[in-house]
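Residue-level listing of the chains:
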Amino acid sequence: MMKKQLILGLSLATVLLLTACGSPENNNASSGDNTPSESSENASSVANSSSESETATVFTGIIQEDAQAGSDDTFQLFLKDVAAVEDEDQVVQSFQNDGVILHVPVEAYSGEIEELVEGDKVQVSLQGVPIMTMSIPPQIPGNSIQKVELVND
């Protein structure tokens, strides 16, 4: 008799445990939370509002080495003597000492890559706070770079 009660008790506990662990969609719908489509809409509206509030970082620098063609429609620029033009987030100070290596997408520069030679001054626009490596000098990938322009002094 004791064994039957123990088996019955374990069976009930298992059934209760399994019913309590339903799928996430069922739990959200029954508890009144957002459905997955509403959650994705909210996430995209938050992403849009945060990208609108981000300010661009703009700085100038002197090309240390001639521009080098990279892979995946990018070219590489090594800049020294970097100075902030517009930098609310104080990003530029992290590469003022050692310079910065940019992996520039070809579409971010309107001229010919061969024009970018050692000693020339360029102005770079980044979107918001850029992604960058912790290497020395830091490197910034193309998806953070909006525009590169030659500056005529």
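Residues numbered from 1 in each chain as written. Predicted model: local features only at pLDDT ≥ 70, side-chain atom pairs only at ≥ 80, totals over all residues. Heavy atoms only, no water.

Asker: Hey, could you run me through the overall build of the protein chain in this one?
Answerer: A tally of helices and strands in the protein chain yields three helices and six strands. Within the protein chain, counting contacts between residues at least 6 apart in sequence, those at least 24 apart form 64% of the total. (Helix = DSSP H or I, 4+ residues; strand = E, 2+ residues; numbered from the N terminus. Contact = heavy atoms within 4.5 Å.)

Asker: What is the right way to look at the packing of aromatic side chains in this model?
Answerer: Centre-to-centre distance and the angle between the planes together describe a pair of aromatic rings. Scanning the entire structure with this criterion turns up two aromatic pairs. Where Phe75 meets Tyr109, the ring centres are 6.2 Å apart and the plane angle is 70°; that geometry is what we call edge-to-face. Of this pair, Phe75 sits in strand S2 (residues 74-86) while Tyr109 is found in the loop between strand S3 (100-105) and strand S4 (121-126), placing the two residues 34 residues apart along the sequence. We classify Phe75 as buried; its relative accessible area is 1%. Exposure remark for Tyr109: the relative accessible area of 8% places this residue in the buried category. (Phe/Tyr/Trp six-rings, centres within 6.5 Å; stacked < 30°, edge-to-face > 60°. Buried < 20%, exposed > 50% of the residue type's maximum accessible area, 1.4 Å probe, protein only.)

Asker: Help me understand the pattern of salt bridges, please; the structure alone is not making it clear to me.
Answerer: Between side chains of opposite charge, pairing is possible as soon as their charged atoms come close. Taken as a whole and judged by the stated rule, the model has one salt bridge. Residue Lys147 is joined to Glu149 by a salt bridge in which the shortest nitrogen-to-oxygen separation is 3.5 Å. Overall, Glu149 belongs to the partly exposed group, its relative accessible area being 31%. (Salt bridge = Lys/Arg side-chain N within 4 Å of Asp/Glu carboxyl O.)

Asker: What should I look at first to understand the sheet that holds S3 in this one?
Answerer: Strand pairing in a sheet takes place through backbone hydrogen bonds and is either antiparallel or parallel in direction. Reading across from one edge, S5-S3-S2-S1-S4-S6 is the order of the six strands in this open sheet, with mixed pairing throughout. Single-partner strands in this sheet number two, and they are strand S5 (139-140) and strand S6 (145-151). Looking at chain direction, strand S1 (residues 57-69) and S2 are connected through eight bridges and run antiparallel. Looking at S2, one finds that Phe59 is bridged to Ala84. (Pairing = 2+ DSSP bridges.)

Asker: What is the right way to look at the nonpolar core in this model?
Answerer: Considering soluble globular proteins, one finds that nonpolar side chains tend to be buried as a cluster. Counting 22 residues, the largest nonpolar core has Phe59, Leu77, Leu79, Leu102, Val124 and Ile145 as the members making the most contacts within it. Residue assignment for this core shows that the elements contributing at least two residues are S1, S2, S3, S4 and S6. When residues of this core are assigned to their parent elements, the largest contribution, four residues, is made by S2. Here Leu102 is in contact with Phe59, Phe75, Gln76, Leu77, Leu79, Val124, Ile140 and Ile145, once residues within four sequence places are set aside. (Core = buried A, V, L, I, M, F, W, Y, C linked by side-chain atoms within 4.5 Å.)

Asker: Quick question: what am I supposed to make of the confidence of the model for the protein chain here?
Answerer: Close reading of the predicted structure is inappropriate where its pLDDT is low. With 72% of its residues at a pLDDT of at least 70, the protein chain reaches an overall mean of 76. Within the model, the stretch residues 37-53 combines pLDDT values under 50 with two contacts to residues more than four positions away or in other chains. (pLDDT = per-residue confidence, 0-100.)

Asker: I would appreciate a short explanation of the pairing of S3 in the present structure.
Answerer: Both faces of the sheet carry side chains from a regular strand, because those side chains alternate between them. Counting buried residues in S3 gives five out of six residues, a clear majority hidden from the surface. Where S2 meets S3, six bridges bridge the pair, whose relative direction is antiparallel. Across the sheet, residue Phe78 finds its bridge partner in S3, namely Ile101.

Asker: Is there a simple way to think about unusual backbone geometry in this case?
Answerer: Negative phi is the rule for most residues except glycine; trans is the rule for most peptide bonds. In the segment running from Ile136 into Pro137, the intervening peptide bond is cis, with an omega of -10°. Residue position: Pro137 is located in the loop between S4 and S5. We note that Asp81 has phi near 50°; this positive angle belongs to a residue other than glycine. Tracing the sequence through the fold places Asp81 in strand S2. Despite not being glycine, Gln90 has its phi angle at roughly 55°, a positive value. Following the sequence through the fold, Gln90 ends up in the loop between S2 and S3.

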